[in-house]
Amino acid sequence: LESFADQVLVALVEVERGGQHLEPTGLTSLLRSTTRLVAEETLQAAAAGGNAIVEASPGARLGRWLRARLLRELPSCSPRQLASALLDLQALGLLDDEALLQIQREVIRCSGARAFRTRDLVAVLSGYARLGRRAEERRLLMEPLLPHAITALPTCSREDLCALLHSVATVSLHHRALLGAWA
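This is a predicted model, so every value here is computed, not measured. (Residues numbered from 1 in each chain as written. Predicted model: local features only at pLDDT ≥ 70, side-chain atom pairs only at ≥ 80, totals over all residues. Heavy atoms only, no water.)

Undergrad: Explain empty space enclosed by the protein here, please?
TA: Over the atoms a probe the size of a water molecule is rolled, and this reveals where empty space is left. Within the structure shown, the criterion is met by one cavity of 30 Å³ or more. The space that makes up the largest cavity amounts to roughly 60 Å³. For the lining of the largest cavity, the elements supplying multiple residues, two or more each, are helix 1 (4-17) and helix 3 (58-73). Of the residues contributing to the lining of the largest cavity, the split by class is five nonpolar, two polar and three charged. (1 Å grid on protein atoms, 1.4 Å probe; cavity = no way out; pocket = protein on both sides within 12 Å on 5 of 7 lines; lining within 4 Å. Points joined across faces, edges and corners; volume = space filled by probe spheres on them. Helix = DSSP H or I, 4+ residues; strand = E, 2+ residues; numbered from the N terminus. Nonpolar A, V, L, I, M, F, W, Y, C, P; charged D, E, K, R; others polar.)

Okay, structure coming up:
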């Protein structure tokens, strides 16, 4: 019996063979759903006494396929889609150096074009802060976005302010202009 994730993957491969490609909106939406599916598969495997890392699971296979397609479409992604891709690829364990570099490049491009909404900027900063890397690496990823964060502070919701504060604290970021604007 084929799982739902396997059926989706087969259908997507067939669509692609037919010469059609998914748009970034569809890819990020499917990646979000796949992240939830893999989390559920991991919980079920752990409850059954199996390995909590379900690398060969149908959801993990679908996640790897979506990652490859999404990286190809990153230049067409909106800032919200970039933030979503960063968080979901990270949650799936699919955010390697290549993917992070490509996402970072597109985030910088979008921030230069002032295309970020406050919530998306905070989501990217939060995603960078949560990476399983040294604090110094995470700070380097965050620093180019800090001038935009300073500008966005007056429009931040309480939740966004809390997330931004947590992100800055997580990496022990000492940025005088940001802290001054915060005060």
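Undergrad: Any chance you could explain helix 7 (residues 135-142) here in plain terms?
TA: Count 3.6 residues to each turn of an α-helix, and residues three or four apart come out pointing the same way. Along helix 7, the residues that are buried comprise R138, R139, L141 and M142. Taken end-on, helix 7 shows its buried residues confined to a sector of 160°, consistent with a single buried face. The inward-facing, buried residues of helix 7 abut helix 5 (97-112), helix 6 (118-129), helix 8 (146-152) and helix 9 (158-170). (Buried < 20%, exposed > 50% of the residue type's maximum accessible area, 1.4 Å probe, protein only. Arc of directions from axis to C-beta. Contact = heavy atoms within 4.5 Å.)

Undergrad: Could you clarify how one ought to interpret the packing of helix 2 (residues 24-47) against helix 3 in this entry?
TA: How two helices pack is summed up by the angle between their axes together with the distance between the axes. Across the interface, helix 2 lies against helix 3 with an axial gap of 9 Å and an inter-helix angle of 155°. Taken together, the axis directions place helix 2 and helix 3 in an arrangement best described as roughly antiparallel. By crossing handedness, the relation of helix 2 to helix 3 is classed as left-handed. Contacts from P24, L27, T28, L30, L31, T34, L37, V38 and E41 of helix 2 reach helix 3 at P58, G59, A60, L62, G63, L66, R69, L70 and E73. By residue class, the composition of the contact of helix 2 with helix 3 is eleven nonpolar, four polar and three charged. (Axes fitted to C-alpha atoms, helices over the stretch in contact; angles between N-to-C directions. Parallel < 35°, antiparallel > 145°, perpendicular 65-115°, else oblique. Left-handed = near helix turned anticlockwise from the far one by under 90°.)

Undergrad: How should the pattern of salt bridges be read in this particular structure?
TA: In a structure, side chains of opposite charge can pair up when their charged atoms sit close to one another. According to the stated counting rule, one finds 14 salt bridges in the structure shown. Among the salt bridges present, the one from R133 reaches D97, with a minimum N-O distance of 2.8 Å. Of the two residues, R133 is situated in the loop between helix 6 and helix 7 and D97 in helix 5; the sequence distance between them amounts to 36 residues. D97 sits in the exposed class, given a relative accessible area of 54%. A salt bridge links E137 to R133; its shortest N-O distance comes to 3.6 Å. On the basis of relative accessibility, which here comes to 22%, the residue R133 falls in the partly exposed class. Taken together, the salt bridges that share partners define one network made up of E16, R69, R72 and E73. (Salt bridge = Lys/Arg side-chain N within 4 Å of Asp/Glu carboxyl O.)

Undergrad: Please explain the layout of surface pockets as it appears in this structure.
TA: As a volume, the second largest pocket reaches approximately 150 Å³. Taken together, T28, R32, R80, A83, S84, L87, D88, R119, D120 and A123 make up the full set of residues lining the second largest pocket. If you list the elements that add at least two residues to the lining of the second largest pocket, you get helix 2, helix 4 (79-91) and helix 6. Sort the elements by how many residues they give to the lining of the second largest pocket and helix 4 lands first, with five residues. Looking at the lining of the second largest pocket residue by residue, the classes come out as three nonpolar, two polar and five charged.

Undergrad: Please clarify how the side chain of D160 should be interpreted in this entry.
TA: Here D160 shows up in helix 9. A relative accessible area of 8% means that D160 is categorised as buried. In terms of polar contacts, D160 uses its side chain to reach the side chain of R119, at 3.3 Å. (Polar contact = N/O pair within 3.5 Å; in protein donor to acceptor, adjacent residues only side chain to side chain.)

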